[in-house]
Structures are given as C-alpha cells and as structure tokens.
Amino acid sequence: MRELTTTRHNPMIDPQLAIWSWEIPVYLFLGGLVAGMMILAGMAMLRIARGDDSRSFFSLQTPLLAFVLINLGMGALFLDLTHKLYVWRVYLTFEPASPMSWGSWVLIVVYGVLLASALIRLPEAWPWLGRRMPVLQTLSDALLARPMLVKALAWANIVLGVALGIYTGILLNTMVARPLWNSAILGPLFLFSGLSAGAAMVHLANVVRFDRPAPDGMIGGAIAALCQPLGREPPARNTVDGLIRADVAFLAIELVLIGLLLANLYTSSASHAVAAALIVSGPYAWAFWGGIVGLGVLVPLALQGLELGQRIPHTVVPALLVLAGGFTLRWVMVNAGQASHVVQATGM
Amino acid sequence: MPRFGMVIDTRKCVGCMDCVVACQTENDVPRGYCRDWITTEVRGDFPHITMEIRSERCNHCDNPSCVSCCPTGASHVEDYGKVVLVTANKCIGCKACIAACPYDARFIHPDGYADKCTFCYHRTKDGKDPACVAVCPTHCMHFGDLDDPKSKVSELLRTRKHRTLLPEAGTGPRIFYLT
C-alpha cells in the first residue's frame with residue numbers, strides 16, 4: 001500500500017491538473033485543420049503555377065477560409081491566457097527551446113502567407129470587394145502573371161502548413177511531466193489528422209451551392225467567397241474524387257500513427273504505460289475508441305472507400321465525421337494528458 | 001556564483017506546517033494558494049508500515065522544464081544562486097510551465113501570472129535563509145550553496161543517505177530529502 005496525503009490545494013492544480021479547458025483543444029484542432037488546408041492549397045497552387053487550372057477550385061477560397069478559421073483558433077488561444085494584457089511579450093523575444101515561441105512566430109508568417117494566397121482570386125471570388133478596391137485586382141493580376149511568385153507562395157503554404165501542423169504535437173511532446181504526451185509520434189499524428197480534417201473541410205466548403213456567378217452583395221458575396229468554387233460549373237467529379245482519395249490516404253496513415261503511439265507508450269516506462277491505459281481502457285476509452293478510432297477514422301474510411309467504388313452516393317457524412325474525430329483527438333489528448341503523471345519509482 | 005539548494009531531514013520533520021504559514025506570510029501568498037506544502041507518505045501493510053513527512057515546494061531544478069518551454073522568457077534561471085524565478089510582467093499566463101513541471105509546484109496567481117516558490121530570493125540573495133527554513137522548529141530544513149563543499153547542505157549530503165523526488169523526470173531537482 002502507498003498512501004499520499006498532501007496539504008496542497010492550489011486551484012487548477014489539485015486534485016488533478018486542469019489548466020487547459022475547451023480553448024486549447026479548439027485551438028489545436030483549428031490550427032491542425034488550417035495546417036492541412038494550407039498544404040492542400042499549396043499543392044493545388046503548384047498546379048496553377050504550372051498552368052493547369054483544372055483543380056484550382058480548392059486553392060482559391062481555401063486560404064481565405066483558412067484565414068477565418070485560424071482567427072477563430074487564435075481567439076480561443078487568447079481566451080485561454082490568464083495574463084492577457086501581456087500577450088505582446090511573445091513577440092519581443094524568440095526562445096529557441098520553446099515550441100510555443102516557434103509556434104507564435106510561425107503563426108505570424110502564416111497570417112501573411114494566407115492573406116497573400118487569398119489575394120490571388122479574392123476580387124473574382126468576392127466581386128463586392130473587388131469593385132471597391134481595384135488595387136486588389138491589380139495585385140491579383142500581377143501575382144497570376146508571375147508563375148514563379150505563385151510557386152513560391154505555394155511552397156510557403158506547404159512548408160508553413162507542415163510547421164503549423166506538427167509544432168503543437170512537439171509542444172505537448174516536450175512536457176516531460178505528462179507521460180501521455182511524451183512520444184515523438186504526436187507531432188506527425190497531429191499533422192496527418194490536420195491533413196484529413198483539411199481535406200474534409202475543403203470538401204464540405206465545396207458542397208455549399210450558391211447561385212452562379214458569385215452573389216454581388218457584401219455579406220452574401222463574402223460567404224460565397226469562403227466556400228463557393230469559382231466558375232460556372234461545379235467542380236469536376238474526378239477532382240472531388242481526388243480529394244476523397246487523399247483523405248483516405250491521410251486517414252490510413254493516421255490510423256497507423258495511432259497504433260505506433262500506443263506501441264510507443266506501452267513499451268516505454270511504467271509512467272507511460274499507465275498514461276496509455278487512460279485512453280485505452282480508462283476514463284477516456286469511450287472517446288478514444290468510439291470518437292477517434294471508430295467514428296473519426298474507421299467509419300469515414302469505409303464510407304469513402306464505398307463512395308470511390310461508386311457503391312454509395314457522395315455525402316457530407318464522412319467529412320463531418322472526420323472533423324468531429326479530429327476535434328475529439330485533441331480533446332482526449334489534452335485532457336487525458338493532463339490526467340497523466342510521472343509514476344514514482346523510487347522507495348523511501 | 002552559488003548554486004542554492006535545500007536539504008530536508010524527513011526524520012526530524014513532524015509536519016507542523018510552520019514552513020507553509022511562514023511562506024504565506026513572508027510572500028503574501030493569496031488566500032487559498034500555497035507555494036509550499038506538507039506531504040505525508042505511508043507505505044507498507046500493517047504492522048509493517050513506514051511513514052515519511054516532507055515539506056515540498058519548487059525544486060529549482062538544474063534542468064528546469066518550466067524554463068525551456070516558456071515562450072517569453074518570463075520563467076528564467078537567475079545567475080546568482082541559479083534560482084528559478086518568474087518575471088510577472090513578462091508572463092502571458094499560457095500555463096505551459098505548469099504543464100511542464102513534474103512536481104506541480106506552480107499555480108496561476110489570482111492576478112493572472114504563473115507563481116511559485118522563489119527560495120525567498122529577496123532574502124537569500126542577501127545571505128539570509130528562506131522564511132520556511134528560518135522558522136522550522138525542528139531545524140529539519142537547511143539552505144545553502146551546493147557548490148560550496150564547506151556549506152552545511154554539502155556536508156549533510158556527503159554524510160547522510162538522501163534522495164530527491166522523481167529523479168526519473170530528469171530535471172535535476174535541488175531539494176534533497178535525508179532518509
């Protein structure tokens with residue numbers, strides 16, 4: 001028997017660490033989602049730079065939608081801070097050992113790249129704004145006339161997407177005090193979860209149908225700019241299938257990474273095995289097996305496989321499940337991670 | 001430059017909590033919070049039971065995980081004494097340091113910044129003992145320079161059996177418990 005009694009009673013620390021509530025899982029999810037969207041948009045923009053416009057539909061509004069989503073994520077992150085008025089302190093220094101410092105600076109560059117990428121087709125996608133700010137059209141034309149610039153922007157999207165998608169996992173990974181997070185698999189897992197969520201979000205956004213061409217008004221035009229494919233025709237079927245195929249690959253890789261994460265934890269120290277049990281058989285097992293592995297990965301994998309085989313019609317169900325699974329992954333990892341702790345190995 | 005550390009004799013500590021009260025008074029710790037606390041650990045099965053009472057706080061680690069994760073440099077190691085401190089007006093309240101500490105020694109002060117034991121730096125930089133050490137009625141706590149072979153703490157560590165808490169976390173804690 002080992003019985004510990006403590007007089008410590010600090011709020012959010014005792015009886016169990018509870019410093020991060022809904023805000024951090026929301027930010028981790030939206031950050032990962034935006035990272036995935038940036039990588040997909042970057043790859044599509046490379047095609048534009050090569051002169052192939054056929055798959056451009058999701059490269060056009062994706063950066064704009066990603067810009068809105070990253071703002072929501074940053075809003076959640078800001079709400080989590082307890083010393084909010086000092087947030088600018090992050091940008092007075094660069095701390096190379098702190099993944100959070102890296103992430104803060106990456107986010108600044110992400111903002112710039114997303115805005116520049118959105119500019120490519122913004123005046124066309126949102127005519128109301130294009131008419132009021134002719135300079136946008138000039139900039140857009142200038143960008144499109146220089147394939148090298150589009151290519152550079154595409155690569156910036158891809159590289160920053162990878163950085164944004166992976167840093168949150170590395171951030172948790174470095175916290176030696178919480179064994180559930182102590183796996184280098186966490187970074188790639190968050191990255192591929194972000195990629196599948198990104199593909200799902202692009203898919204969802206393109207399902208929304210407005211009247212063509214884009215609405216002329218301010219608000220209708222803005223909403224359409226976020227989610228409506230340009231051009232008179234809906235995206236070609238093979239383009240949508242390509243997106244689904246990519247999502248299937250991302251989900252399959254995510255499943256392998258989840259398996260590797262568990263193998264990694266179970267074959268490490270007692271602290272790590274106890275931490276893994278929290279999600280495998282403990283209080284978070286229902287969310288882990290049901291929400292992440294079942295509804296978040298296996299079911300959408302099966303549904304999308306059937307869709308590609310043309311056995312069932314295309315629906316938004318797999319995309320919605322992937323997004324819900326992506327959020328559940330962050331929610332479980334943040335909460336179960338806080339519940340995990342180093343198991344004392346030494347005697348008295 | 002000294003490297004401050006603490007040696008606590010678990011065979012003398014009776015868990016009176018004088019150290020806790022002294023800290024709260026000295027450092028104006030807000031009500032409902034504590035920078036140090038008493039842990040009682042009982043092991044074994046009756047009648048073969050051992051009990052240890054410990055006064056615990058921030059371990060001012062040699063390799064502090066709370067400092068390396070801080071995005072603003074608010075959590076830092078002071079040159080003199082190698083004490084781990086938080087600069088309140090640099091802290092954004094992201095709580096990464098709290099998650100990174102294997103001892104759960106930090107908390108968010110009601111004013112929003114991360115707070116914890118400072119080894120009473122305002123006293124110890126002038127050569128005094130921390131408040132908790134100064135008031136201990138059983139004299140079970142000792143404070144001093146671990147790098148000075150002639151200091152009381154170094155002498156105790158040379159002559160007595162001791163251990164640290166969670167050494168497997170790899171942070172190099174500098175509070176040693178005599179057993």
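The coordinates are above.
Within each chain, residues carry numbers counting from 1 in the order of the written sequence. Chains carry letters from A onward and ligands carry numbers from 1 onward, assigned in written order. Predicted model: local features are reported for residues with pLDDT of at least 70 only, side-chain atom pairs are reported and counted for 80 or more only, and whole-chain, interface and lining totals are derived from all residues.

Peer 1: Looking at this structure, I do not really get the pairing of strand S8 (residues 141-145) of chain B. What am I missing?
Peer 2: It is a general feature of regular strands that their side chains alternate between the two faces of the sheet. All names here are of chain B. Each residue is classed by its C-beta neighbour count within 10 Å, where at least 20 other C-beta atoms makes it buried, 12 or fewer makes it exposed, and intermediate counts make it partly exposed; the C-beta atoms are placed from backbone geometry. In this text, helices come from DSSP runs of H or I with a minimum length of four residues, and strands from runs of E with a minimum of two, each type numbered from the N-terminal end. Within S8, 4 of the 5 residues are buried, which leaves the element mostly enclosed by the surrounding structure. DSSP calls a pair of strands paired once it identifies at least 2 bridges connecting them. By the bridge criterion, 5 bridges tie strand S1 (residues 4-9) to S8 in an arrangement that is antiparallel. Paired with Phe-4 across the two strands is Asp-145, which belongs to S8.

Peer 1: What is the right way to look at the interface of chain B and chain A in this model?
Peer 2: Note on interface size: it is often stated as the accessible area lost on association of the parts. Placing a C-beta atom from the backbone of each residue, one calls two residues in contact when those atoms lie within 7 Å. Contacts between the two partners involve 48 residues from chain B, matched on the other side by 40 residues from chain A. Elements supplying a minimum of two residues to the side of chain B that touches chain A: strand S2 (37-45), strand S3 (48-56), helix H2 (65-68), helix H3 (96-100) and strand S6 (107-108) of chain B. For the side of chain B that touches chain A, the element with the most residues is S2(B), which contributes 9 residues. Polar here means any residue outside two lists: the nonpolar Ala, Val, Leu, Ile, Met, Phe, Trp, Tyr, Cys and Pro, and the charged Asp, Glu, Lys and Arg; Gly therefore counts as polar. Tallied by class, the residues present in the side of chain B that touches chain A amount to 25 nonpolar, 14 polar and 9 charged. Pairing between strand S1 (residues 2-6) of chain A and S2(B): 5 bridges, direction antiparallel. Across the sheet, residue Thr5(A) finds its bridge partner in S2(B), namely Thr40(B).

Peer 1: Before we go on, may I ask you to explain the sheet that holds S2(B) in this structure?
Peer 2: Two modes of strand pairing occur in sheets, parallel and antiparallel, and in both the strands are linked by backbone hydrogen bonds. Strand order in this open sheet of 3 strands is S1(A)-S2(B)-S3(B), and the pairing throughout is antiparallel. Every other strand in the sheet has two partners, leaving S1 of chain A together with S3 of chain B as the edge strands with one partner each. Going from strand to strand, the sheet's axes swing by 15 degrees on average, the running direction of each strand aside. The pairing of S2(B) with S3(B) spans 9 bridges and is classified as antiparallel. Residue Thr40(B) lies in a different strand from S3(B), and its bridge partner there is Ile53(B). Note on geometry: axes are lines fitted to C-alpha atoms, helical ones only across the stretch in contact, with angles between N-to-C directions running from 0 to 180 degrees.

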